[in-house]
Amino acid sequence: MKVLGHKIELLTGLLLHDVTMAGLQELRFPEEKPLLRGQDAIELENSDPFLLPVDTDWKEHDIETPYGLLHVVIRGSPKGNRPAILTYHDVGLNHKLCFNTFFNSEDMQEITKHFVVCHVDAPGQQVGASQFPQGYQYPSMEQLAAMLPSVVQHFGFKYVIGIGVGAGAYVLAKFALIFPDLVEGLVLMNIDPNGKGWIDWAATKLSGLTSTLPDTVLSHLFSQEELVNNSELVQSYRQQIGNVVNQANLQLFWNMYNSRRDLDINRPGTVPNAKTLRCPVMLVVGDNAPAEDGVVECNSKLDPTTTTFLKMADSGGLPQVTQPGKLTEAFKYFLQGMGYIAYLKDRRLSGGAVPSASMTRLARSRTASLTSASSGDGSRPQACPHSESSEGLGQVNHTMEVSC
């Protein structure tokens, strides 16, 4: 498929804000259907450890949005006032390749049983996706973010806790900037808040001429050290990226990600009318990840009173794959800090309940009460009333720069 060579214009802020919830009421949504259909799909699922067998608890949906259909997979139903956990994968992957290892870990399932989980696949990136027709214009990063309110409205979520990786982290951050009332918290892995300059753009073009698309994407996902020393993991992803993800569709997503603008955020007080993420944020990066510099810069642009910076030791470009246990532990503390799941079981200890006070093992000394740490947004309930128990939740951690 011939890739469009002309420059794709990004949406203006005015157009984005025209996407209102009232307008979404008129959208048509197809019926729910099983996750996978046909023996070929089942055989594909069983062909690799990252694509695990079908879980009948998961349901597949194709949701119509202002910018085309969006493939979504969901498990569970909204539980009271709790937000949904909504994920968005990195470029070159889909929700299975990006999140199966993480969400299928035993410790993570202790968390997800308390929440509805919703995985979003970027357009055309899901398993078995049809190739887009010639001349198809892939949604911009801003448009990808503007597709997500359709998901929220379709399932009746009040708000979400987003987990994004790489390009998916950028999309979720943009979503939170445009629709802050729909986002309760964010876990952003490997986020790069900067658009590509001319030198980076030229280097990407040159790499595309001298390397295959899967190899180009692998250099985005993994560090050079990982590409050399972790050959088994890298080879598995090279095979899956080449065989599972439609290559023409992937090229369109890759081109759009590389044409993104700077994420328009600044630390409050540094510039007049600074834009920032109003919800609690946990930034995650491996200590051997190609995205480390970008995540560090993103941390410098966010409010330190609501931001957690987690640098994971012995972890590369995909910490959710190589260190799922450590990331799950950090996610538990993040949820506890927001007022959810006051007591969690930890099988590595005695098997009993672990109070939220154990957060102090990772937290810096600078803490504050939940009420003082909350944003001034009065349009929705604060986190603490949503929890099953608020006992032991008098403190919440802010920025923590630690190695797990």
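Residues numbered from 1 in each chain as written. Predicted model: local features only at pLDDT ≥ 70, side-chain atom pairs only at ≥ 80, totals over all residues. Heavy atoms only, no water.

1. Quick notes on unusual backbone geometry
Okay, step 1: Located in the positive-phi region is Asn-190, a residue other than glycine, with phi close to 60 degrees.
Okay, step 2: One non-glycine residue with positive phi stands out, namely Asp-314, at about 55 degrees.
Okay, step 3: Note that Asp-314 resides in the loop between β9 (307-312) and α15 (319-322). (Helix = DSSP H or I, 4+ residues; strand = E, 2+ residues; numbered from the N terminus.)

2. As for the packing of aromatic side chains
Okay, step 1: If you walk through the whole model with that rule in mind, you get 10 aromatic pairs.
Okay, step 2: Relative to Tyr-340, the ring of Phe-115 has its centre 5.9 Å away and its plane inclined at 70 degrees; by these criteria the two rings are edge-to-face. Here Tyr-340 lies in the loop between α16 (324-337) and β10 (343-345) and Phe-115 lies in the loop between α5 (106-112) and β5 (117-121), a separation of 225 residues in the sequence. Each member of the pair Phe-115 and Tyr-340 is classed as buried.
Okay, step 3: For the ring pair Phe-132 and Tyr-136, a centre distance of 4.0 Å and an interplane angle of 10 degrees mean the geometry is stacked.
Okay, step 4: Judged by relative accessible area, which is 16%, Phe-132 ranks as buried.
Okay, step 5: Members of the aromatic cluster, joined through ring pairs, are Phe-132, Tyr-136, Tyr-138 and Phe-253.
Okay, step 6: Against the face of Tyr-257 rests Arg-260, its NZ or CZ located 4.0 Å from the ring centre. (Phe/Tyr/Trp six-rings, centres within 6.5 Å; stacked < 30°, edge-to-face > 60°. Buried < 20%, exposed > 50% of the residue type's maximum accessible area, 1.4 Å probe, protein only. Lys NZ or Arg CZ within 6 Å of the ring centre and 35° of its normal.)

3. Observations regarding the confidence of the model for the protein chain
Okay, step 1: Looking at the protein chain, the pLDDT average stands at 76 and 67% of residues meet or exceed 70.
Okay, step 2: Here residues 1-54 scores under 50 on pLDDT; set against residues more than four positions off or in separate chains, the count is 102 contacts.
Okay, step 3: Ignoring residues within four places in sequence, the model shows residues 345-404, a span with pLDDT below 50, making 129 contacts including any to other chains. (pLDDT = per-residue confidence, 0-100. Contact = heavy atoms within 4.5 Å.)

4. Describing the environment of Tyr-170
Okay, step 1: By the element assignment, Tyr-170 lies in helix α8 (residues 167-178).
Okay, step 2: By relative accessible area, which is 0% here, Tyr-170 ends up buried.
Okay, step 3: Here the alpha-carbon distance between Tyr-170 and Pro-193, two residues 23 residues apart in the chain, equals 7.0 Å.
Okay, step 4: Setting aside residues up to four positions removed in sequence, Tyr-170 forms contacts with Met-141, Glu-142, Ile-191, Asp-192, Arg-260, Arg-261, Asp-262 and Leu-263.
Okay, step 5: A polar contact of 2.7 Å, which involves the side chain of Tyr-170, links it to the backbone oxygen of Arg-261. (Polar contact = N/O pair within 3.5 Å; in protein donor to acceptor, adjacent residues only side chain to side chain.)

5. Regarding the pattern of salt bridges
Side chains that differ in sign of charge can pair as their charged atoms come close.
Okay, step 1: Taken as a whole, this structure holds eight salt bridges when the rule is applied.
Okay, step 2: Between Glu-110 and Lys-113 there is a salt bridge whose closest N-O contact spans 3.3 Å.
Okay, step 3: The buried category is assigned to Glu-110, whose relative accessible area is 18%.
Okay, step 4: Between Glu-297 and Lys-301 there is a salt bridge, with the nearest N and O atoms lying 3.5 Å from each other. Of this pair, Glu-297 and Lys-301 both sit in helix α14 (residues 292-301), four residues apart, roughly one helical turn.
Okay, step 5: Note on Lys-301: relative accessible area 17%, which makes it buried. (Salt bridge = Lys/Arg side-chain N within 4 Å of Asp/Glu carboxyl O.)

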